[in-house]
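If you want the building blocks of each chain, they are given just below.
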Amino acid sequence: MEEKKVNRGLLFILANGVYFFSYFHRVAVPGTIFNEIQSEFLLSATAVAGLSALTFFMYGGIQIFGGIMSDRFGGFRTFFMGSILLSISSILFSFSYSPAMLFITRAFIGLSAGIVFTSLIKILSIMYKPEDFPFYLSIMSVLGYTGGVFATFPLERAVSFMGWRNSFLLAGLLCLIIALSFRPFMKSARRSFIQKTTFSLRALLAVLKNKNSLPVIVSGPINFSIYFLFQTTLGAKHLQDSFNVTPARAAFFTFIMMIINTGSVFLSGYTSKLIGLRRPIIRIAAGVTLSASILLFFNISFIYSTKLVLFSYVLLAVSAAAAPVFITTMKEMNTIEVAATSVGFLNSIVYIVLSLLVYAAGRILDVFSHAAVEIAGIIIYPGFAYRMVFLVCIMLAVCSFLVCFPIKETGSGKQ
């Protein structure tokens, strides 16, 4: 029994060390280095946003397959494979000297990060009791989201000191060290924790036939995608273009955003465990996302206040903290045998929706490129371009808010 406790804590720390870098890459590019990438590779806003969209599309698209692999072959083996691929892709990204290499490495980062996430969910589901799953999922999210924190202001400072290539090379090497450290403990982990595997096609069909999860699959992805659009792609760029904010200050805004989200994630998971309910947290999150989207549109149309932008960003960060609750609800609507498959399917939809939203935002900016101004190789997009992006977010947020009400309660406190 004592050996299991030692293995559990050690594996949890090492696995989340890899997840730290997985989240780091999703937030860092192009969010913090949007202008660096655009000016060095002479890319349009659509192409830069497409770089992010491709990563998210691969991250989401692979998770159905990653969940099946984790349920079929075990979480530990699948996690190790994904972590090594993530490390190598991260290192190669820093050596990208052409747009083609840039897109290829980002595609593999997204693919490997998706495998890491779904296999980590599988590992948690067999290491901890079902009633403790939301709590440890929140801790995992906090540890992973810390990578997102480092991908904002700290990364901006590192880039200004050593350049973006050396910064990402260092991140890739550190990820590889942690990934290799996980390998010696895999055999003891498989002995300590019983992994029940399932036939992959049967697992996927069971998830697809569950109609109760449909509102979760619609509301959850929209809610998270709006937040992540600004956290990873347009948050800092919007501040620099519309408010003439310096790159360091813009990165500090998204840094605060990430800090708030990280802390709120833990609180949402703990609150859900404490009250034994999921649905109230989901409804509040959808409402807050809608409010933040409206505030951003109202601000860019009439007020032009950086304080209101920061407040809106904070609201989005708080609303996205319900992500572990959405994941827990999806997991609880399905059997433990298909835990990774069900969560992988949900997260797949999340990042496919996100990739489409990010790409659409880039296209909207380019539609108004005729009114943009280029200064020292940096393209400044007009305020009405961002206004159109906010309108799209409002329409999606309304849909998420309406759809979340039919979600069934799956927590222990349901009546």
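Residues numbered from 1 in each chain as written. Predicted model: local features only at pLDDT ≥ 70, side-chain atom pairs only at ≥ 80, totals over all residues. Heavy atoms only, no water.

(A) Inspection of the overall build of the protein chain at higher detail. Counting its regular elements, the protein chain contains 16 helices and two strands. The dimensions of the protein chain, computed from C-alpha atoms along their principal axes, are 65 × 50 × 35 Å. Buried residues in the protein chain amount to 59% of all 415 residues. For the protein chain, the accessible surface area stands at approximately 16000 Å², while carbon and sulfur atoms represent 71% of it. Taking the 31 positively charged and 14 negatively charged side chains of the protein chain as two groups, their mean positions are separated by 8 Å. (Helix = DSSP H or I, 4+ residues; strand = E, 2+ residues; numbered from the N terminus. Buried < 20%, exposed > 50% of the residue type's maximum accessible area, 1.4 Å probe, protein only. Areas by Shrake-Rupley, 256 points an atom, 1.4 Å probe, with all protein chains shown as cover. Lys, Arg positive; Asp, Glu negative; His and termini not counted. Charge placed at Lys NZ, Arg CZ, Asp CG, Glu CD.)

(B) Quick peek at unusual backbone geometry. Following V29, the chain continues to P30 via a peptide bond in cis, the omega torsion being 0 degrees. Along the chain, the position of P30 falls in the loop between α1 (2-28) and α2 (34-41). Even without glycine at this site, L42 takes up a positive phi of about 55 degrees. Residue placement: L42 occurs in the loop between α2 and α3 (45-73). Its identity as a non-glycine residue notwithstanding, N244 has a phi of 55 degrees, on the positive side.

(C) Spotlight on a nonpolar patch on the surface. Where nonpolar side chains cluster on the molecular surface, the patch consists of F161, M162, L170, L174 and I177 and spans about 510 Å² of accessible area. With respect to the helices, strands and loops of the structure, L174 is situated in helix α7 (residues 153-182). Accessibility expressed as a relative area gives 40% for L174, which makes it partly exposed. (Patch = residues over 30% accessible without salt bridge, like charges linked within 9 Å, V, L, I, M, F, W, Y side chains within 5 Å. Salt bridge = Lys/Arg side-chain N within 4 Å of Asp/Glu carboxyl O.)

(D) Layout of the packing of aromatic side chains. One pass over the structure, following the stated rule, counts 31 aromatic pairs. Ring geometry for F401 against F405: centres 5.2 Å apart, planes inclined by 85 degrees, an arrangement best described as edge-to-face. Relative accessible area serves as the criterion here: at 27%, F401 is assigned to the partly exposed category. In this structure F405 comes out as partly exposed when scored by relative accessible area, which is 37%. Three or more aromatic residues joined by ring pairs make a cluster, and in this case those are Y19, Y23, F56, Y59, F117, Y145, F224, Y227, F228 and Y351. Over the face of the ring belonging to F80 we find R183, whose NZ or CZ atom lies 5.8 Å from the ring centre. (Phe/Tyr/Trp six-rings, centres within 6.5 Å; stacked < 30°, edge-to-face > 60°. Lys NZ or Arg CZ within 6 Å of the ring centre and 35° of its normal.)

(E) View of the confidence of the model for the protein chain. Residues of the protein chain with pLDDT of at least 70 account for 93%, and the chain-wide mean is 87. This model gives residues 1-6 a pLDDT under 50, and the stretch forms two contacts once residues within four places in sequence are excluded. (pLDDT = per-residue confidence, 0-100. Contact = heavy atoms within 4.5 Å.)

(F) Structural view of the environment of G9. With respect to the helices and strands, G9 occurs in helix α1. For G9, a relative accessible area of 33% translates into the label partly exposed. Along the chain, G9 and M127 lie 118 residues apart, while their C-alpha atoms are 9.9 Å from each other.

(G) Representation of the side chain of S112. As for its placement among the helices and strands, S112 is situated in helix α5 (residues 99-127). For S112, a relative accessible area of 0% corresponds to the buried category. A distance of 3.5 Å separates a polar side-chain atom of S112 from the backbone nitrogen of L86. What S112 contacts, discounting residues up to four positions off in sequence, is G82, L85, L86 and S89. (Polar contact = N/O pair within 3.5 Å; in protein donor to acceptor, adjacent residues only side chain to side chain.)

(H) Representation of the side chain of S94 in the model. As for its placement among the helices and strands, S94 is situated in the loop between α4 (75-93) and α5. The class of S94 is buried, set by a relative accessible area of 3%. Those residues in contact with S94 that sit more than four places away from it in its chain are R165, F168 and L169.

(I) Representation of the packing of α4 against α7 in the model. Look at α4 against α7: their axes get within 8 Å of each other, and the N-to-C directions meet at 160 degrees. Judged by the angle between their axes, α4 and α7 are roughly antiparallel. α7 is crossed by α4, and the crossing has left-handed handedness. Two secondary-structure elements touch here, α4 through F76, F79, F80, S83, I84, L86, S87, S90, I91 and F93 and α7 through W164, F168, L169, G172, L173, C175, L176, A179, L180 and F182. (Axes fitted to C-alpha atoms, helices over the stretch in contact; angles between N-to-C directions. Parallel < 35°, antiparallel > 145°, perpendicular 65-115°, else oblique. Left-handed = near helix turned anticlockwise from the far one by under 90°.)

(J) Structural context of the packing of helix α10 (residues 214-243) against helix α11 (residues 247-275). Between α10 and α11, the shortest axis-to-axis distance is 8 Å and the interhelical angle comes to 155 degrees. Comparing their axes, α11 and α10 come out roughly antiparallel. Remark: the crossing between α10 and α11 carries right-handed chirality. For the pair formed by α10 and α11, the contact residues are Y227, F230, Q231, G235, A236, L239 and Q240 on the first element and P247, A250, F253, T254, M257, M258 and N261 on the second. Among the residues making up the contact of α10 with α11, the classes are represented as nine nonpolar, five polar and no charged. (Nonpolar A, V, L, I, M, F, W, Y, C, P; charged D, E, K, R; others polar.)

(K) The arrangement of helix α16 (residues 383-403) in detail. Taking 1.5 Å per residue, 21 residues should reach 30 Å; α16 reaches 31 Å between its end C-alpha atoms and fits that length. Where α16 is concerned, the buried positions are G383, A385, Y386, V389, F390, C393, I394, A397 and S400. (Expected span 1.5 Å × (residues − 1).)

(L) Representation of the pattern of salt bridges within the structure. Counted according to the given criterion, the structure contains four salt bridges. Its salt-bridge partner being E156, residue R157 comes within 2.7 Å of it at the nearest N-O pair. Take R157: its relative accessible area is 39%, and that puts it in the partly exposed class. With relative accessibility at 11%, the residue E156 sits in the buried group. Here D241 ties to K237 by a salt bridge, and the two come within 3.4 Å at their closest N and O atoms. On the criterion of helical spacing, the pair formed by D241 and K237 is a turn pair, its members being four residues apart in helix α10. Across this residue pair, the class does not change: D241 and K237 are buried.

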